[in-house]
Amino acid sequence: VIPGWFSEISPMWPGEAHSLKIEKILFQGKSDYQNVMVFQSATYGKVLVLDGVIQLTERDECAYQEMITHLPLCSIPNPKKVLVIGGGDGGVLREVARYASVEKIDICEIDKMVVDVSKQFFPDVAIGYDDPRVTLHVGDGVAFLKAVPAGTYDAVIVDSSDPIGPAKELFEKPFFQTVANALRPGGVVCTQAESIWLHMDIIEDIVENCREVFKGSVNYAWTTVPTYPSGVIGFMLCSTEGPAVDFKHPVNSIDASKRPLKFYNSEIHTAAFCLPSFAKKVIDAK
Ligand code: AAT
């Protein structure tokens, strides 16, 4: 560990650790679920860290939040009811709020401290909470989904931390079953699905489970996020049985008149589904 630097050390990426130079630590706290830290970095703006793992930086959060939101929501016409699991920083809400067709946005985040800290230190991200269509539920996403009546949502976005800690169950088959139940026929889900460089074993399990649970289409997409481990992160995109969803060809474009998009466009949407051969081989075989 280098003094004055933050190093992201975890058993989920053994033998490597990305580091950022710290200018100033702005917040350190312990919630009921995890350690919460915010620091000012030398090159990526402010950084939110949970249990030693980077959740977002001001500089590259656009890549993650825009992709995890617009990959699913641009793939179906007129999304109306959207559920976000995790994502307490509000960035996904900010992106969902761009859709005029959306009537209701529910978010279920387990940790109130993440919400409060984001509102205090990341106003450009937490601005998502200002939209009147948003309802915040503080609680476990697993329990929340169990109570959702069948067919409620057009889209579910699972913006979850890694499967060590409170997000563990969000990567398991029973959870995917509750997501499928909560979606209308032909509804879509997009879940944070880790890195093709580090986690092919986890991805293989997710794909296998999703193929069993989601009877529409099941696809893996990925993007670059320099401050996430290995610099890339992926998403599992699935639809339930019903009107067919072709994730690779977006049906919506986005109103960027009030707030420009920094990362997403229709070309990168389609490109996100092109996989390197080593990943394609494993994912297609499942
Ligand atoms: N948009 C920022 C990126 C994240 S945040 C993940 C969020 O999921 C955190 O706020 C965490 O508190 C919340 N969370 C974890 N478990 C649950 C749960 N069971 N129910 C509801 N919310 C939960 C993801 C960063 C990915 C990092 C990749 N290395």
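To keep things clear, this report deals only with the structure shown in the data block. (Residues numbered from 1 in each chain as written. Predicted model: local features only at pLDDT ≥ 70, side-chain atom pairs only at ≥ 80, totals over all residues. Heavy atoms only, no water.)

Here's the deal with the pattern of salt bridges
Move 1: Under the criterion given, the structure shown has 11 salt bridges.
Move 2: Between R94 and E95 there is a salt bridge; the shortest N-O distance is 3.0 Å.
Move 3: Here R94 falls in the buried class, since its relative accessible area comes to 7%.
Move 4: Classification of E95 as buried rests on a relative accessible area of 0%.
Move 5: Measuring nitrogen to oxygen at the nearest pair gives 3.2 Å for the salt bridge that ties K112 to D116. Of this pair, K112 and D116 both sit in helix α3 (residues 112-121), separated by 4 residues, roughly a single helical turn.
Move 6: Under the relative-accessibility criterion, D116 is labelled partly exposed at 37%. (Salt bridge = Lys/Arg side-chain N within 4 Å of Asp/Glu carboxyl O. Buried < 20%, exposed > 50% of the residue type's maximum accessible area, 1.4 Å probe, protein only. Helix = DSSP H or I, 4+ residues; strand = E, 2+ residues; numbered from the N terminus.)

Remarks on the sheet that holds strand β7 (residues 104-109)
Move 1: Within the open sheet, the 7 strands sit side by side as β8-β7-β6-β9-β10-β12-β11. Their pairing is mixed. Every interior strand has two partners, whereas the edge strands, β8 (134-138) and β11 (218-224), have only one. Adjacent strand axes in the sheet meet at a mean angle of 15° when their direction is disregarded.
Move 2: Across 5 bridges, the pairing between strand β10 (residues 183-192) and strand β12 (residues 232-239) is antiparallel. (Pairing = 2+ DSSP bridges. Axes fitted to C-alpha atoms, helices over the stretch in contact; angles between N-to-C directions.)

Overview of the nonpolar core
Move 1: Judged by nonpolar contacts, the single largest core of 41 residues is most densely connected at V156, F214 and M236.
Move 2: If you tally residues by element for this core, the top one is helix α7 (residues 200-213), at 7 residues.
Move 3: Setting aside anything within four residues of it in sequence, one finds V156 in contact with L83, I85, V179, L183, V188, V189 and C190.
Move 4: Core analysis: the next-biggest nonpolar cluster, separate from the first, contains 39 residues, Y64, L73, I76 and I233 among them. (Core = buried A, V, L, I, M, F, W, Y, C linked by side-chain atoms within 4.5 Å. Contact = heavy atoms within 4.5 Å.)

What about the site of the ligand?
Move 1: With respect to spatial proximity, 30 residues lie near the ligand, and among them D89, E109, D140, G141 and D159 are the closest.
Move 2: At 2.9 Å, a backbone N or O of G141 approaches a nitrogen atom of the ligand.
Move 3: For the ligand, whose free accessible area comes to 670 Å², the fraction covered by protein is 99%.
Move 4: Those elements that place two or more of their residues in the shell around the ligand are β5 (53-57), α1 (61-73) and β7.
Move 5: No other element matches β5, which puts 3 residues into the shell around the ligand.
Move 6: Broken down by class, the residue content of the shell around the ligand amounts to 13 nonpolar, 11 polar and 6 charged. (Near = heavy atom within 4 Å. Polar contact = N/O pair within 3.5 Å; in protein donor to acceptor, adjacent residues only side chain to side chain. Areas by Shrake-Rupley, 256 points an atom, 1.4 Å probe, with all protein chains shown as cover. Nonpolar A, V, L, I, M, F, W, Y, C, P; charged D, E, K, R; others polar.)

Points about the pairing of strand β4 (residues 46-50)
Move 1: By the criterion of burial, β4 is predominantly enclosed, with 4 of the 5 residues buried.
Move 2: With 5 bridges connecting them, strand β3 (residues 35-41) and β4 associate as antiparallel partners. Bridge pairing links Q40 to K46 in β4.
Move 3: Inspection of the sheet shows β4 paired to β5 by 4 bridges, in the antiparallel sense. Counterpart to V47 in the pairing with β5 is T57.
Move 4: As consecutive antiparallel partners, β4 and β5 are separated by 2 residues, and within that stretch D51 has a phi angle of approximately 45°, a positive value.

Overview of the environment of L26
Move 1: Mapped onto the elements, L26 comes out in strand β2 (residues 19-30).
Move 2: L26 sits in the partly exposed class, given a relative accessible area of 29%.
Move 3: Taking the C-alpha atoms as reference points, L26 and D162, 136 residues apart in sequence, are found 24 Å from one another.
Move 4: Ignoring any residue separated from it by four or fewer positions in sequence, one finds L26 in contact with V38, F39, Q40, K46 and F121.

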